[in-house]
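For reference, the chains in residue letters:
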Amino acid sequence: MQKGKLGICLPFYAILALILAFMGQLLLGALLIGFVALVERDEWATRQTMQAFFVTLFTSLISWIFDSINVFVDIPIVGSAISTVFNVIEGIIGIVVLIFLIIGLVHVVKGQDAGIPVFSKLAARAFGIVQRKVYTQAPPAGGYQPYQQQPPYQQPQNPQNPQNPQNPGQQ
């Protein structure tokens, strides 16, 4: 395993960030990103901690939106029904996030990129790494040819009499 400037294995920072994301520690995740970016100055470790931070930011944002939308909390029956619906949605999102964090944790332990679906691309863009699209067909060897207009239609010649294409029976 690769060690950083302080002698700590770099995947440790990513594992710690993913654990903090699981626990919902937004501020500690942000402090960890700052520490890794300023002290260790390792791009891979910083990208992994950013992915975990973005996951925590996403779940915190979803929770905040649901809490601010739920204006019916004081109404006895309607408030509890709407709160139940929002809690079920938050629970489903939490389970999906947990699965992504576990998959990311397994990848980081192996020394690979965490690969959390949306957030890995976001972290890569923060570093200016833009993945180019891969095309299935290669362009022509000479490059792309500009559009060329077809010549006007010509009537095919008669194979029996190439001198007179109009009247095949005459010579």
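Look up: the structure comes first, before these words.
The following paragraphs examine the structure supplied in this document. (Residues numbered from 1 in each chain as written. Predicted model: local features only at pLDDT ≥ 70, side-chain atom pairs only at ≥ 80, totals over all residues. Heavy atoms only, no water.)

1. Observations regarding the overall build of the chain
Now for step 1: Scanning the chain for helices and strands turns up 5 helices and 0 strands.
Now for step 2: When its helices and strands are written in sequence order, the chain yields α-α-α-α-α.
Now for step 3: The buried share of the chain, taken over its 171 residues, is 27%.
Now for step 4: As displayed, the chain has an accessible area near 12500 Å², and 64% of this comes from carbon and sulfur atoms. (Helix = DSSP H or I, 4+ residues; strand = E, 2+ residues; numbered from the N terminus. Buried < 20%, exposed > 50% of the residue type's maximum accessible area, 1.4 Å probe, protein only. Areas by Shrake-Rupley, 256 points an atom, 1.4 Å probe, with all protein chains shown as cover.)

2. Things to note about the environment of Tyr13
Now for step 1: Considering the arrangement of structural elements, one finds Tyr13 in helix α1 (residues 10-23).
Now for step 2: Classification of Tyr13 by relative accessible area gives buried; the value is 3%.
Now for step 3: Sequence separation between Tyr13 and Phe35 is 22 residues; the distance between their C-alpha atoms is 9.6 Å.
Now for step 4: Apart from the residues lying within four places of it in its own chain, the contact partners of Tyr13 are Leu6, Ile8, Leu32, Phe35, Val36, Glu40 and Thr49. (Contact = heavy atoms within 4.5 Å.)

3. Topic: empty space enclosed by the protein
Now for step 1: For the coordinates displayed, the defined rule picks out 1 cavity of 30 Å³ or more.
Now for step 2: If you add up the space inside the largest cavity, you get close to 30 Å³.
Now for step 3: Ala17, Leu20, Ala21, Gln25, Gly29, Thr49, Ala52, Phe53 and Thr56 are the residues that line the largest cavity.
Now for step 4: Looking at the lining of the largest cavity, the elements with two or more residues in it are α1 and α3 (43-69).
Now for step 5: Element by element, the count of residues in the lining of the largest cavity is highest for α3, at 4 residues.
Now for step 6: Split by residue class, the lining of the largest cavity holds 5 nonpolar, 4 polar and no charged. (1 Å grid on protein atoms, 1.4 Å probe; cavity = no way out; pocket = protein on both sides within 12 Å on 5 of 7 lines; lining within 4 Å. Points joined across faces, edges and corners; volume = space filled by probe spheres on them. Nonpolar A, V, L, I, M, F, W, Y, C, P; charged D, E, K, R; others polar.)

4. Regarding the pattern of salt bridges
Two side chains carrying opposite charge are able to pair once their charged atoms lie near each other.
Now for step 1: On inspection of all chains with the given rule, the structure shows 2 salt bridges.
Now for step 2: Note that Glu43 is salt-bridged to Arg47, the shortest N-O span being 3.7 Å. Placement of both Glu43 and Arg47 in helix α3 is noted, with a separation of 4 residues, approximately one turn of the helix.
Now for step 3: Assessed through its relative accessible area of 37%, Glu43 is described here as partly exposed. (Salt bridge = Lys/Arg side-chain N within 4 Å of Asp/Glu carboxyl O.)

5. Some remarks on the layout of surface pockets
Now for step 1: Estimates place the volume of the largest pocket at around 220 Å³.
Now for step 2: Only α1, α3 and α4 (76-109) provide two or more residues apiece to the lining of the largest pocket.
Now for step 3: Considering every element that reaches the lining of the largest pocket, the biggest residue donor is α4, with 6 residues.
Now for step 4: Its residues placed into classes, the lining of the largest pocket shows 8 nonpolar, 5 polar and 1 charged.

Any link to function would need more than the numbers given here.
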